[in-house]
Structure formats: structure tokens, C-alpha cells
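These are the residues of each chain, in order.
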Amino acid sequence: MKYVIAPSILSADFTQLGKDIKETEEGGAAYLHFDVMDGMFVPNISFGIPVMKSIRKATHQVMDAHLMVQDPIRYVKAFKEAGADLITVHLEACPDVRKTLTEIKDLGIMAGLSICPETSVEEIREYLEYVDMILIMSVHPGAGGQKFMEESLDRIRETRKMIEESGKEIDIQVDGGVKFENARKILDAGANILVAGSAVFGDNIVENTRKFVEIFRDYE
């Protein structure tokens, strides 16, 4: 199983975004997490397709688009064309989850399915055959800087058990409040892709990224 740090550019300095992205790549981050908020599914608004298109030119990292938007099927093709390699949608935001995931897969890219803290893990079971990744939100989606919800650990364990029972190879990504201090227990619970914002985009982006990569080496 691959272990990956996915820095969330929501915490980057947008006055020097290209530089910050390059430093995460230099530090060993294989993914770049792109939080898209529409002001409807979540209360905040972030950024969209033009920003992703410009970033795509600045990095070779896997472009990990997390669509926190209502009815995301409307946008998956445009995000793929803008450079997304992986598109994650929220189960709670899709009128037809299966159709949305199939649309993503038909575009030739990876599909992810996310659930909010209030949603039962059991609800993802019927969609495992359509996904490459499950994203467990460990905070309420829509804003950075929130504290990791400890009850998420049991949800990660439950998800990993469900995946193992299915016999499929599916990644588990965790997003929200991920720090150096809690990374190991999140990995121990069964996650293998960690989204980190402020923990990466601090004083030394390269070194911060490398610290996560060093933690992962104990699990590979």
C-alpha cells in the first residue's frame, strides 16, 4: 500500500503559490490537494477550475480535486480537462452517487468518495466497486484550521475493515486537523493518504513535507 502526503493548498500563501507548490514537491509530496467549495454544500467559497488549470502547469504531482460542491457531476469533466488526476465527491452532495462516480471513471481518472462526520460509514459499502479512494472527513468540511475529531479513528478502522472484506485495493484518505503529532495514530487506524494544510505550509515547507514522508517510511 502506498503512503502519501497530500498538502492542501487552501493553507498556502497565494502571493507565492507556485513557489509553495514546488517546495511540497521537493519535500516528497506525491499529491496536491485542491479544496473546491461552492458556498452551497459548505458555507465557504474557495477556488475553482481556472486556478487548477494554472497550477497544473507548475507541478507533476497528482492533482487531487476534492469537490465540496452540490451536485458535483456538473463539474467533473471540466475539472478533468483542467488537470485533475483524482476527483473526490461527497456522498451527501450527489443526487445519484453511482452515476457521478461512473462519470468520473469514464473520464479515465481516479474517483474518490467522501463522507462527512455525521454520515455512517456503512453508507459507502454499496459504492466500493466504483471508487479508488474513500475520504474520511475528520472535521466538518468547509474551513481549514479545525481540530481533528478523535472519533474519526474508529470510522477509519471501520472503513479499512470494510475494504479488506471487499477484497478491493482502495485508498483511505483523511482530511482535517492532520498534524505530525497525530499522523501515526491515523495511519495505525488504516489510512494511507493524509491531507495536511497548516502542518505543511508553515515556516519551512520542504522540511515539513519531509517530516511526513519520514513517518510514512515506518509503514512501507
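Computed from a prediction, not measured in an experiment: that's the story for all the values here.

Draft legend 1. Structural view of the overall build of the chain. Along the chain, the regular secondary structure elements total seven helices and eight strands. The globule rule puts the C-alpha radius of gyration for 220 residues at 17 Å, and the 16 Å found for the chain is close to it. For the C-alpha atoms alone, the extent of the chain along its principal axes is close to 40 × 35 × 30 Å. Here the chain holds 220 residues, and 55% of them are scored as buried.

Draft legend 2. Examining helix α5 (residues 152–166) more closely. Counted at 1.5 Å a residue, the expected span for α5 with its 15 residues is 21 Å, and the 21 Å between its end C-alpha atoms agrees. Listed in full, the buried residues belonging to α5 are S152, L153, R155, I156, T159, R160, M162 and I163. On the buried face of α5, the contacting elements are β5 (110–115), β6 (133–137), β7 (171–175) and α6 (180–189). Count one or two residues on from α5 and you reach G167, which has phi positive near 80°.

Draft legend 3. Summary view of the packing of helix α1 (residues 17–27) against helix α7 (residues 205–217). Between α1 and α7, the shortest axis-to-axis distance is 8 Å and the interhelical angle comes to 35°. As α1 packs across α7, the resulting crossing turns out to be right-handed. In contact with D20, E23, T24, E26 and G27 of α1, α7 contributes I205, V206, T209, R210 and V213. Among the residues forming the contact of α1 with α7, the class breakdown is three nonpolar, three polar and four charged.

Draft legend 4. Quick look at the sheet that holds strand β2 (residues 31–37). Taking strand neighbours across the sheet as the criterion, the eight strands line up as β1-β8-β7-β6-β5-β4-β3-β2 in an open arrangement whose pairing is parallel. Each having just a single partner strand, β1 (4–7) and β2 make up the two edges of the open sheet. Neighbour-to-neighbour, the strand axes of this sheet turn through a mean angle of 25°, independent of strand direction. For β5 and β6, the ladder comprises four bridges, and the chain directions are parallel. Looking across to β6, one finds that S114 is bridged to L135. This element, α7, spans β1 and β8 (193–196) of the sheet and lies at about 155° to β1.

What counts, and where the lines are drawn
Residues numbered from 1 in each chain as written. Predicted model: local features only at pLDDT ≥ 70, side-chain atom pairs only at ≥ 80, totals over all residues. Heavy atoms only, no water. Helix = DSSP H or I, 4+ residues; strand = E, 2+ residues; numbered from the N terminus. Rg over C-alpha atoms; globule rule 2.2 N^0.38 Å. Buried < 20%, exposed > 50% of the residue type's maximum accessible area, 1.4 Å probe, protein only. Expected span 1.5 Å × (residues − 1). Contact = heavy atoms within 4.5 Å. Axes fitted to C-alpha atoms, helices over the stretch in contact; angles between N-to-C directions. Left-handed = near helix turned anticlockwise from the far one by under 90°. Nonpolar A, V, L, I, M, F, W, Y, C, P; charged D, E, K, R; others polar. Pairing = 2+ DSSP bridges.

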